[in-house]
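A look at the structure
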Amino acid sequence: MPEVTITIGGRGFEVACQEGEEHYLHTAAKLLDDEAQILADQVGRMPEARMLLMAGLMLADKTASVEERVAEVQAKLNEKDAEIAALREAAAEPERIEVPVVPAAVTDTLAELAARAEAIAEAVDEKKRA
């Protein structure tokens, strides 16, 4: 298990971590050191344990705020996913269009009228030729 030296509040600490997690430990230590530096700048010198406690609490407060925001964003994302699913479902259903059926009697009548019109047209053509 690798040992890493981190610096917080100007003091070095030896910390063990899992293999390959050294980068994450250095990143976390920098966050804590930044909070400790803010405290040192505002309050001045304080006991190490109190400074670490306060810096940890400040980070916990920021983390809680971020977690709340993530929960809000996740809720909005779930809402939008539901809207998308509803739209996809609505689009998947084909639109039903009803076409009225023409009664057979009307079709027969139209066919008879067409035959009469053709007969009249032929009679007119014959008279023109004569």
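Procedures and definitions
- Residues numbered from 1 in each chain as written.
- Predicted model: local features only at pLDDT ≥ 70, side-chain atom pairs only at ≥ 80, totals over all residues.
- Heavy atoms only, no water.
- Salt bridge = Lys/Arg side-chain N within 4 Å of Asp/Glu carboxyl O.
- Helix = DSSP H or I, 4+ residues; strand = E, 2+ residues; numbered from the N terminus.
- Buried < 20%, exposed > 50% of the residue type's maximum accessible area, 1.4 Å probe, protein only.
- Axes fitted to C-alpha atoms, helices over the stretch in contact; angles between N-to-C directions.
- Parallel < 35°, antiparallel > 145°, perpendicular 65-115°, else oblique.
- Left-handed = near helix turned anticlockwise from the far one by under 90°.
- Contact = heavy atoms within 4.5 Å.
- Nonpolar A, V, L, I, M, F, W, Y, C, P; charged D, E, K, R; others polar.
- Core = buried A, V, L, I, M, F, W, Y, C linked by side-chain atoms within 4.5 Å.
- 1 Å grid on protein atoms, 1.4 Å probe; cavity = no way out; pocket = protein on both sides within 12 Å on 5 of 7 lines; lining within 4 Å.
- Points joined across faces, edges and corners; volume = space filled by probe spheres on them.
- Expected span 1.5 Å × (residues − 1).

Pairing is possible between side chains of opposite charge, provided their charged atoms come close. Evaluated as defined, the whole model comprises 6 salt bridges. A salt bridge links Asp34 to Lys30; its shortest N-O distance comes to 3.2 Å. Separated by 4 residues within a single helix, Asp34 and Lys30 lie in helix α1 (residues 22-43), roughly one turn from each other. A relative accessible area of 32% means that Asp34 is categorised as partly exposed.

Turning next to the packing of α1 against helix α2 (residues 48-92). For the pair α1 and α2, the least separation of the axes is 9 Å and the interaxial angle reads 115 degrees. In terms of their interaxial angle, α1 and α2 are classed as roughly perpendicular. Crossing handedness for the pair α1 and α2: right-handed. Between α1 and α2, the contacting residues are Leu31, Leu32, Glu35, Ala36, Ile38 and Leu39 on the first element and Met51, Leu52, Met54, Ala55, Gly56, Met58, Leu59 and Lys62 on the second. Tallied by class, the residues present in the contact of α1 with α2 amount to 11 nonpolar, 1 polar and 2 charged.

To continue, consider the nonpolar core. Ranked by internal contacts, the top residues of the largest apolar core, which has 13 residues, are Val4, Ile6, Ile8, Leu25, Leu32, Ala36 and Ala55. Of all the elements in the fold, those that place two or more residues in this core are β1 (3-8), α1 and α2. At 5 residues, α1 tops the list of elements feeding residues into this core. Other than its neighbours up to four places away in sequence, Ile6 contacts Arg11, Gly12, Phe13, Val15, Leu25, His26 and Ala29.

Attention now moves to the layout of surface pockets. Considering only enclosed or pocket space, the largest pocket measures out at about 160 Å³ in volume. In this structure, the largest pocket is lined by Gly9, Arg11, Ala36, Gln37, Ala40, Gly44, Arg45, Met46, Glu48 and Met51. Among the elements of the structure, α1 and α2 are those that each provide at least two residues to the lining of the largest pocket. If one sorts the elements of the lining of the largest pocket by residue count, α1 sits on top with 3 residues. Considering only residue class, the lining of the largest pocket consists of 4 nonpolar, 3 polar and 3 charged.

Another point: α2. Taking 1.5 Å as the rise per residue, α2 with 45 residues should run 66 Å; its terminal C-alpha atoms sit 64 Å apart, in good agreement. Among all positions in α2, only Met51, Ala55 and Leu59 are buried. Contacts made by the buried residues of α2 are with α1.

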